[in-house]
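Architecture at a glance
Residues per chain, in single letters:
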Amino acid sequence: MTAHRTHAAGLVVATALGMAPLAAAPLGRLGSPFALLVVLPALALALDAYGWSQAAGAVIRRVPEPMARLLAAYAVWLATSALLTLDVAAAAGATVAAEVAGPDRPAQRWHLGAAMLGANVGSLLFPFSNLTNLVVVGAAGIGLTAYVAAAWLPQVGAAAACGLLLAWRARRSGVLATVGVQPDAIDEPSARPAAPSGPSAWVGLIALAGGSGAVVAGIAGADMAIPFALATAVVVGAGVADGRLTPSAVACAVPIGALALVAAAAVLNGPLAGAAVALPRPPDDPLGVVVALIVGGLLAASVNNLPAAAVGAIWLAGSPVSIVVAYLVGTNVAAIATPHGSAATMLVRSIATRREVPLPAIGHLRTAWRYALTGSVAAGGLLAAGIR
């Protein structure tokens with residue numbers, strides 16, 4: 001492709017990505033998640049093309065002990081999810097997993113699982129960490145300070161409980177016992193990752209600006225997808241223009257299954273809303289916490305956490321903050337139990353398949369319920385204990 005054509009293709013791709021929030025607007029409350037599912041995989045692809053996934057993976061790989069490396073990766077995706085949304089954590093974590101784990105396929109699956117787990121579990125802390133949070137918290141009329149005051153301890157409990165379970169199961173598997181970078185190798189100058197510079201550094205700064213803008217937009221009650229879409233348009237458009245990416249690669253990164261699910265949820269929003277109105281509201285006591293958590297978890301695990309948020313926004317409008325947080329524990333943590341329970345889970349699985357490290361649905365069902373149950377019990381128990 002000639003330079004003129006690549007520049008023109010870059011402009012077309014950038015325009016399409018930048019317009020994603022506007023195109024998704026007819027979906028109402030679910031328009032923002034739909035747009036983010038379009039742009040975030042493209043953003044992760046562009047960062048990868050500019051060397052950021054290799055650099056991030058190499059930094060984490062400097063942790064010499066494989067088990068510690070897995071837990072360090074899990075902690076990184078927890079923090080990324082809390083500060084830059086679970087979708088960013090899922091896309092980045094799935095992209096970096098192969099670099100972190102090395103060529104061993106079983107080790108890559110463990111790191112993909114850690115990315116999936118960290119992205120979902122870490123998304124409880126702030127209202128803007130997860131689009132489901134924004135939908136439900138906004139409907140309940142709860143401010144940022146009140147929400148964080150109620151959510152921080154359940155967040156810590158769920159993260160710690162799931163991290164301990166991850167470490168225990170990974171050690172029992174024995175897969176990571178002989179996998180990883182040799183301790184002597186990390187001291188060699190050639191083994192040290194070079195920090196991205198030049199265009200790559202600017203790309204990273206633009207992506208960070210998009211994430212920061214999304215945080216500000218979330219606090220202000222604006223559409224979080226817009227800053228991400230604009231940043232992605234610039235980064236991906238530049239990648240296509242200079243030949244690092246092709247339009248077909250960007251198109252193939254879009255998770256069609258997840259988009260179809262969000263669109264279906266938007267269509268079903270009316271019937272779901274009618275069902276929500278008929279449900280009695282849970283009381284502000286430990287029993288109410290349990291009820292809200294179970295309802296949120298069952299809805300998310302069986303349908304998806306985005307339609308579950310649509311139900312919660314109607315059912316819990318005006319409810320106390322403890323009940324709202326309990327419901328979100330269900331939609332954020334219990335949703336891990338099924339491969340379709342969270343858009344972030346679907347995003348990790350989509351990227352894993354594209355990188356030829358598939359995560360079979362049956363395998364997910366056999367194992368993920370342990371993390372869903374452990375994290376939900378830890379977070380729900382701490383939340384219920386705090387109710388006076």
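Quantities reported herein were computed from a predicted structural model and do not represent experimental measurements.

1. Here we look at the overall build of the protein chain
The secondary structure content of the protein chain amounts to 19 helices and zero strands. Here the protein chain holds 388 residues, and the buried ones make up 53% of them. Pairs at least 24 apart in sequence give 80% of the contacts found in the protein chain among residues at least 6 apart. For the protein chain, the computed accessible surface area is about 15600 Å², with 70% contributed by carbon and sulfur atoms.

2. Brief notes about the pattern of salt bridges
With the rule as written, the count across this model stands at one salt bridge. Where Asp242 meets Arg244, a salt bridge forms, and the shortest distance between an N and an O atom there is 3.3 Å. Judged by its relative accessible area of 41%, Asp242 is partly exposed.

3. As for empty space enclosed by the protein
In this structure the tally under the stated criterion is two cavities of 30 Å³ or more. Its volume calculated, the largest cavity comes out at about 80 Å³. Forming the walls of the largest cavity are Pro33, Leu36, Leu37, Leu86, Asp87, Asn130, Leu131, Asn305, Leu306, Ser342, Ala343 and Ala344. Elements represented by at least two residues in the lining of the largest cavity include exactly α3 (31-49), α6 (86-101), α16 (305-315) and α18 (343-354). Partitioned by chemical class, the residues of the lining of the largest cavity number eight nonpolar, three polar and one charged. In this model, the second largest cavity occupies a volume close to 30 Å³. As for the second largest cavity, its lining consists of Ala94, Ala97, Ala98, Leu112, Arg355 and Val357. At three residues, the largest contribution of residues to the lining of the second largest cavity is made by α6. Across the lining of the second largest cavity, the residue classes tally to five nonpolar, no polar and one charged.

4. As for the side chain of Arg169
By the secondary structure assignment, Arg169 is in helix α9 (residues 144-173). One buried charged residue, Arg169, remains without a salt bridge, the closest side chain of opposite sign being Asp104 at 15 Å. A polar atom in the side chain of Arg169 sits 3.1 Å from the side chain of Tyr371. Apart from residues no more than four positions distant in its own chain, Arg169 is found in contact with Trp110, Thr367, Arg370 and Tyr371.

5. What about the layout of surface pockets?
Taken as a whole, the largest pocket spans an internal volume of roughly 600 Å³. In terms of lining residues, the largest pocket is bounded by 24 residues, among which Leu47, Trp52, Ala56, Val88 and Ala92 are the most central. For the lining of the largest pocket, the elements supplying multiple residues, two or more each, are α3, α4 (52-61), α5 (66-84), α6 and α10 (199-220). Here the lining of the largest pocket is built from residues that sort into 18 nonpolar, five polar and one charged.

6. Overview of the packing of aromatic side chains
One pass over the structure, following the stated rule, counts one aromatic pair. Pairing Trp315 with Tyr327 gives two aromatic rings, centres 5.9 Å apart and planes at 70°, and the pair type is edge-to-face. One end of the pair, Trp315, is in helix α16; the other, Tyr327, is in helix α17 (residues 321-332), with twelve residues separating them in the sequence.

7. Re the nonpolar core
Judged by nonpolar contacts, the single largest core of 55 residues is most densely connected at Tyr74 and Val121. Elements that contribute at least two residues to this core include exactly α5, α7 (105-121), α8 (131-140), α9, α15 (286-302), α16, α17 and α19 (361-385). The leading source of residues in this core is α9, at ten residues. Leu40, Phe128, Val203 and Ala225 belong to the second largest nonpolar core, which has 40 residues in total.

8. Re the packing of α8 against α17
Packing of α8 against α17 brings their axes to within 10 Å, and their N-to-C directions diverge by 160°. Considered as vectors, α8 and α17 are oriented roughly antiparallel to each other. As α8 packs across α17, the resulting crossing turns out to be right-handed. Counting all contacts with α8, which are made through Thr132, Asn133, Val136, Val137 and Ala140, the residues of α17 involved are Val324, Tyr327, Leu328, Thr331 and Asn332. Within the contact of α8 with α17, the residues separate by chemical class into six nonpolar, four polar and no charged.

Cut-offs and rules
- Residues numbered from 1 in each chain as written.
- Predicted model: local features only at pLDDT ≥ 70, side-chain atom pairs only at ≥ 80, totals over all residues.
- Heavy atoms only, no water.
- Helix = DSSP H or I, 4+ residues; strand = E, 2+ residues; numbered from the N terminus.
- Buried < 20%, exposed > 50% of the residue type's maximum accessible area, 1.4 Å probe, protein only.
- Contact = heavy atoms within 4.5 Å.
- Areas by Shrake-Rupley, 256 points an atom, 1.4 Å probe, with all protein chains shown as cover.
- Salt bridge = Lys/Arg side-chain N within 4 Å of Asp/Glu carboxyl O.
- 1 Å grid on protein atoms, 1.4 Å probe; cavity = no way out; pocket = protein on both sides within 12 Å on 5 of 7 lines; lining within 4 Å.
- Points joined across faces, edges and corners; volume = space filled by probe spheres on them.
- Nonpolar A, V, L, I, M, F, W, Y, C, P; charged D, E, K, R; others polar.
- Lys, Arg positive; Asp, Glu negative; His and termini not counted.
- Polar contact = N/O pair within 3.5 Å; in protein donor to acceptor, adjacent residues only side chain to side chain.
- Phe/Tyr/Trp six-rings, centres within 6.5 Å; stacked < 30°, edge-to-face > 60°.
- Core = buried A, V, L, I, M, F, W, Y, C linked by side-chain atoms within 4.5 Å.
- Axes fitted to C-alpha atoms, helices over the stretch in contact; angles between N-to-C directions.
- Parallel < 35°, antiparallel > 145°, perpendicular 65-115°, else oblique.
- Left-handed = near helix turned anticlockwise from the far one by under 90°.

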